[in-house]
Amino acid sequence: MIKLIPLLNFQTMKKQKLLILFLLFGFLSVSWGQSNIAGVVIDEEGIPLSGASVTIIGTATGAITDFDGGFNIKASVGDVLEVSYLGYNAEQITISDLSKLKITLTSNDEELDAVVVVGYGTQKKSDVTGAIGSLQSESFNKGVVANAGQLLQGKVAGVNVSNVTGEPGSGQDIVIRGVGSLRSGTTPLYVVDGFALDNSGNGVPTNPLNFINPQDIESIDVLKDASAAAIYGARAANGVIVITTKKGKKGRMQMNLTVSAGLSKIANKIDVFTADEFRQQVVAVGGELSDGGANTDWQDELTRTAVTKKTNFSLSGGTESSNYYASVGVDDIQGILRNNDLKRYSARVNATQKAFKDKLKIEFNVAATRTENVRPDATSIITDMLELNPTVPVYTNGLPTELGDRTNPIVTEKVYRDFTNNNRILANIAPSIEIFKGLTYRLNLGVDYSTANRDVQTMPLAEANVIEGFLNTYTNENKTTQVENTLTYNFASENHSLTALVGQSYQENFYTSKRWSYDSFPDNGIEPRYQIGIGNLTGDSASAVINELQSFFGRVNYAFANKYMLTATMRADGSSKFGSNNKYGYFPSVAAGWNISNESFMENGPFSNLKLRASWGQTGNQEIPSKITKASYGESGNDNDIYPLTEGVVNAADYPLGLVYSRTANPDIQWEVSTQTNIGLDFGILNNQLTGSVDYFNKVSENVLLEVVPADPIQPTTTYWTNIPNMEIKNNGVEVALDYQSDATRDFTFNIGGNFSLTKNKVENSPYQVLTTGAAQGSGQSGATINGYINNEPIGAFYMREFLGIDGEGFSIYRDINDDGAIDDRDRTIAGSALPDYLYAFYLNFNYKNFDLGLNFNGAGGNKIYNHTRMSSFNIGNIQGSANTTDQAVQYPNESPLNSNVASTRYLEDGDFLRLNNATLGYNLDPKKVGINDWVNAVRISLTGENLFVITKYTGFDPEVNTGSETGGIKTFGIDRYTYPKARTFLLSLNVSF
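Residues numbered from 1 in each chain as written. Predicted model: local features only at pLDDT ≥ 70, side-chain atom pairs only at ≥ 80, totals over all residues. Heavy atoms only, no water.

An unreviewed UniProt entry annotates the protein as Carbohydrate-binding protein SusC originating from Neotamlana nanhaiensis. Reading the Subcellular location (unreviewed entry) entry of the UniProt record for the protein gives the comment "Cell outer membrane". The protein has a UniProt comment under Sequence similarities (unreviewed entry) that states "Belongs to the TonB-dependent receptor family." (UniProt positions renumbered as here; feature names shortened; annotations may be inferred.)

A. Spotlight on the nonpolar core. Counting 28 residues, the largest nonpolar core has Leu 182, Tyr 789, Ile 795, Phe 798 and Tyr 866 as the members making the most contacts within it. Contributions of two or more residues to this core are made by strand E36 (705-708), strand E41 (785-789) and strand E42 (797-800). Mapping this core onto the domain boundaries places at least three of its residues in each of domain 2 (115-245) and domain 3 (251-630 + 665-989). Of all hydrophobic cores here, the second largest spans 24 residues; its members include Val 159, Val 192, Leu 209 and Ile 241. (Core = buried A, V, L, I, M, F, W, Y, C linked by side-chain atoms within 4.5 Å. Buried < 20%, exposed > 50% of the residue type's maximum accessible area, 1.4 Å probe, protein only. Helix = DSSP H or I, 4+ residues; strand = E, 2+ residues; numbered from the N terminus. Domains from an automatic or database assignment.)

B. Spotlight on unusual backbone geometry. Here the phi dihedral of Lys 357 falls at roughly 55°; this positive angle occurs in a residue that is not glycine. Examined against the element boundaries, Lys 357 turns out to sit in the loop between strand E20 (341-355) and strand E21 (360-375). Backbone geometry places Asn 604, a non-glycine residue, at a positive phi of 65°. By relative accessible area, Asn 604 is classed as exposed at 83%.

C. Fine view of helix H7 (residues 378-387). Among the 10 residues that make up H7, 8 are buried, leaving the element largely enclosed by the rest of the structure. Buried residues of H7: Ala 378, Ile 381, Ile 382, Thr 383, Asp 384, Met 385, Leu 386 and Glu 387, and no others. Lining the buried residues of H7 we find helix H6 (298-301), helix H8 (409-415), helix H9 (868-873) and helix H10 (876-880). (Contact = heavy atoms within 4.5 Å.)

D. Region of the structure containing the environment of Asn 698. By the secondary structure assignment, Asn 698 is in strand E35 (residues 690-702). The partly exposed category is assigned to Asn 698, whose relative accessible area is 26%. Once the C-alpha coordinates of Asn 698 and Gln 670 are considered, the two residues, 28 residues apart in sequence, prove to be 22 Å apart.

E. Just the packing of aromatic side chains, in detail. Under the counting rule described, the total for this entry stands at 17 aromatic pairs. Considering the side-chain rings of Phe 851 and Tyr 923, the 4.6 Å spacing of their centres and the 50° angle between planes classify their relative orientation as tilted. Taken together, the residues Phe 851 in strand E47 (residues 851-861) and Tyr 923 in strand E50 (residues 913-925) connect sequence positions 72 residues apart. A relative accessible area of 26% means that Tyr 923 is categorised as partly exposed. The structure contains a cluster of three or more aromatic residues connected by ring pairs, namely Tyr 740, Phe 748, Phe 750 and Phe 846. If you follow Arg 424 out to its NZ or CZ, it ends over the ring of Phe 211, 3.9 Å from the centre. The aromatic ring of Tyr 814 is capped on one face by Arg 801, whose charged end is 5.6 Å from the ring centroid. (Phe/Tyr/Trp six-rings, centres within 6.5 Å; stacked < 30°, edge-to-face > 60°. Lys NZ or Arg CZ within 6 Å of the ring centre and 35° of its normal.)

F. Fine view of the pairing of strand E18 (residues 306-318). Where strand E17 (residues 251-266) lies against E18, 12 bridges are found, and the strand directions are antiparallel. Within E18, the residue paired with Ser 264 across the bridge is Ala 306. By the bridge criterion, 11 bridges tie E18 to strand E19 (residues 322-334) in an arrangement that is antiparallel. By the bridge assignment, Lys 309 is partnered in E19 with Asp 332. Connecting E18 to the antiparallel partner E19 that follows it, the hairpin turn spans 3 residues. (Pairing = 2+ DSSP bridges.)

G. Quick peek at the environment of Lys 627. Tracing the backbone through its elements, the reader meets Lys 627 in the loop between strand E31 (607-621) and strand E32 (632-635). Residues Lys 627 and Glu 809, 182 residues apart in the sequence, show an inter-C-alpha distance of 55 Å. Not counting chain neighbours up to four residues away, the residues in contact with Lys 627 comprise Ala 544, Val 545 and Arg 663.

H. A look at empty space enclosed by the protein. Per the stated rule, a full pass over the model turns up 12 cavities of 30 Å³ or more. Each pocket or cavity is described by its volume, and for the largest cavity that value is around 460 Å³. Every residue lining the largest cavity is counted, 29 residues in all, and those nearest its centre are Val 144, Gln 150, Gly 166, Glu 946 and Ala 983. Put simply, the parts of the chain that give the lining of the largest cavity at least two residues each are E19, E50, strand E51 (938-952) and strand E53 (983-993). Along the lines of polarity and charge, the residues of the lining of the largest cavity split into 7 nonpolar, 16 polar and 6 charged. In this structure, the lining of the largest cavity is formed jointly by two domains, domain 2 (115-245) and domain 3 (251-630 + 665-989), each of which donates at least three residues. Its boundaries defined by the atoms lining it, the second largest cavity holds a volume of some 100 Å³. Lining the second largest cavity are Val 118, Gln 123, Val 128, Thr 129, Gly 130, Ile 132, Ser 227, Ala 228, Arg 555, Thr 567 and Thr 569. Broken down by secondary-structure element, the contributors of at least two residues to the lining of the second largest cavity are helix H4 (226-229) and strand E29 (564-575). Here the lining of the second largest cavity spans two domains, since at least three of its residues come from each of domain 2 (115-245) and domain 3 (251-630 + 665-989). (1 Å grid on protein atoms, 1.4 Å probe; cavity = no way out; pocket = protein on both sides within 12 Å on 5 of 7 lines; lining within 4 Å. Points joined across faces, edges and corners; volume = space filled by probe spheres on them. Nonpolar A, V, L, I, M, F, W, Y, C, P; charged D, E, K, R; others polar.)

I. Quick peek at the side chain of Asp 455. Note that Asp 455 resides in strand E25 (residues 439-458). A polar side-chain atom of Asp 455 sits 2.6 Å from a polar atom in the side chain of Thr 473. When residues no more than four places from it in sequence are discounted, the contact partners of Asp 455 are Arg 417, Asp 418, Phe 419, Leu 471, Asn 472, Thr 473 and Arg 529. (Polar contact = N/O pair within 3.5 Å; in protein donor to acceptor, adjacent residues only side chain to side chain.)

Here it is as structure tokens:
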């Protein structure tokens with residue numbers, strides 16, 4: 001059936017036409033009523049404010065000012081514009097006509113001053129009494145940055161950030177005001193948006209901070225002295241690094257897209273012999289030359305031009321009662337060695353909501369990250385690129401050349417793989433409510449959950465002489481939960497300001513690890529990790545640890561007349577790591593400040609800011625192995641302790657076993673305690689165009705914890721844990737920071753500054769001759785002491801024989817220290833330290849109209865590096881055996897190829913260096929000039945060069961290195977053993993804001 005629809009009659013059509021005309025007229029009336037309003041936003045000195053928010057009150061219409069402070073917005077006469085900018089008082093302007101607006105914002109001194117993040121809150125910079133180094137995102141290091149530590153390198157006085165290898169995302173040594181512990185190394189406590197991280201065991205072989213997207217970070221504050229750090233008590237002995245991620249700002253939604261691409265190559269090659277030099281030197285030392293007829297640079301052949309790709313997108317916004325920030329990022333960073341990649345997929349949401357006239361505030365932060373890391377057998381590859389015969393071609397007839405007793409590394413690359421996938425979620429929610437005026441209760445609930453799966457495999461490959469495959473597979477789970485309750489009271493009157501904080505915190509960490517080992521995988525083209533069922537299980541293990549920390553803390557900040565400040569802090573920590581007799585540790589601090597520049601006698605003086613600070617306090621260290629205060633048992637058969645009581649048994653393995661101590665209980669173990677005194681002066685002159693600070697600190701660590709061998713040989717265990725009586729680790733020094741900003745009203749502006757720190761480190765009252773931290777490795781070298789902890793010497797002091805030269809028979813001559821006519825271990829001497837005496841950094845920033853150039857330098861001096869690579873590879877015996885070396889191996893023409901490589905000052909080198917860490921040339925494109933300002937607020941193009949040059953006398957790949965092996969769990973310093981070389985990188989970036 002076909003249904004007929006009647007046609008509209010004339011009257012109906014007439015009514016519809018009139019309705020359409022009425023609606024069209026109404027629409028046009030509104031359109032005609034709105035006009036394009038232009039304006040410019042400036043500060044009190046007439047400087048344009050780029051990025052200010054301009055919104056029509058009561059609507060969603062808004063705009064963001066461009067680089068010249070200009071804006072355009074569709075509005076009508078009578079509309080009210082609200083203009084806001086961080087650090088300035090918001091202004092409301094009613095549109096009275098269509099003329100161009102000129103809007104001046106006045107600075108909000110209190111808001112500008114409230115930039116320092118301290119434990120459990122913030123403080124005005126002028127009220128800070130502790131030593132805190134603050135760094136905002138615009139001052140971060142640029143380049144291929146994989147983690148937060150790289151952003152900080154060279155930026156804060158007294159903070160030494162060293163990337164120990166050139167591998168993407170590699171581990172770092174971060175030392176704040178000197179090394180103050182034996183076992184816990186140098187790692188400071190990291191606090192991210194109020195959550196204290198536990199990175200003690202997440203199964204990731206590289207840097208655990210790789211899970212944080214650097215582009216999500218707004219600021220980093222380093223709490224250096226005890227006054228600033230004592231609020232974190234038992235975990236603050238190595239300092240505290242507080243990371244704050246980005247939040248949304250009031251105004252219309254902003255979107256930001258950053259896309260980067262970079263190329264990296266090996267920055268510095270070691271000067272091994274060329275093919276022609278090699279041919280001459282092998283013959284000269286009496287070796288048998290194996291000449292392959294080629295001219296191969298194995299350092300070029302075994303490295304690559306690595307490609308980096310980074311994409312990050314964020315959106316943010318806010319109103320009077322809420323704000324939000326969300327981002328997603330993808331980073332794909334290749335290493336300069338093949339089969340080395342780091343990929344990170346990250347997402348973050350930060351939100352804040354206020355209600356009930358702002359009395360209730362809820363803050364929410366969640367970050368989820370997946371990192372995928374593929375690593376090669378770097379030590380093997382580095383050894384090959386330095387030692388392989390340069391006359392041998394890489395390929396012969398299209399196939400990897402056979403190298404006799406060595407495997408061609410091109411083949412080796414196909415065999416070995418190390419895969420790690422890490423998933424990590426960090427989330428916290430913090431509701432707070434103002435109970436009455438000035439008193440606020442805050443609850444902070446958080447969780448940090450990480451899982452990691454790692455497969456280390458060797459593929460079966462006949463051409464590599466690997467008959468069967470091997471696999472070690474690991475799974476790790478790390479979950480930390482945190483519950484914190486705080487009450488904060490704020491009171492302010494004309495002359496008095498008081499902030500009082502009391503709080504309670506509970507944190508639990510659960511860590512579990514499992515391992516399986518397999519062999520006998522066939523050569524069937526399938527990776528062992530994908531066919532575990534075929535392999536033969538050769539071993540497995542599992543472990544689990546729960547650690548708890550219960551804390552109570554309080555802090556009072558008082559200021560009088562904005563001149564005199566006093567801060568007092570107390571924290572009590574109870575840790576499950578310690579025994580029943582010393583479960584709790586108590587960590588007090590006190591600090592005072594005097595704003596001299598606010599005194600009447602300083603009026604009309606040269607100082608716009610002058611403040612004196614002094615502090616004293618104690619912090620603790622609980623980073624010791626779990627369960628060491630508790631007894632542990634094992635089967636007596638491990639030491640062949642059996643009970644031969646059964647008749648007829650003839651085999652020892654058939655006798656019954658008993659239980660013996662593997663660790664004795666010690667409930668009296670105490671906390672390591674660091675006591676620190678600090679005196680500082682902050683100053684500003686020329687209306688704060690020149691600012692700076694000077695600090696002197698003295699830090700003493702006591703109750704040092706160590707696993708030692710009993711003096712009495714009749715003991716149930718071979719070692720036990722204890723506090724070393726009277727032993728102290730002392731650090732004292734001076735820090736200086738300066739910054740100068742030129743007249744910002746000119747087309748050409750510049751900013752120069754830098755920092756310098758001098759630190760003296762010493763171990764005192766040690767009952768041991770030497771506690772070895774670094775030992776030699778390799779055939780005939782294993783276990784020989786390189787450096788350690790020695791009484792009245794710095795940590796990492798090199799302790800070895802002093803090399804004097806080669807005797808007439810071709811063997812090494814060493815100084816006879818004790819003049820007994822024999823050369824042995826009693827002739828070892830102190831030969832310098834791995835810790836630098838001084839650190840320095842400086843920066844130069846230039847701006848001309850829309851162009852900018854930034855240069856960041858950093859350096860260190862007074863330290864030594866033990867070139868273990870040189871000891872193991874660059875010797876006359878190697879060149880005689882047709883392995884490549886450097887000219888260091890033939891420095892002594894009469895040296896015998898039989899001369900042994902003993903740990904000595906022969907291989908000790910100066911570690912001083914100056915590095916151009918990064919340089920960035922940028923251009924800010926004005927969207928109006930290219931006609932895209934209706935869609936785009938800002939466009940920035942930049943080119944960054946990273947690790948552009950290093951000035952040093954060190955002959956290894958790079959002087960910033962530490963790849964020695966630990967001894968007894970005590971951290972080593974200053975040893976270079978086949979270190980992954982650093983790269984030189986050029987990164988092109990495009991940033992677009994909508």
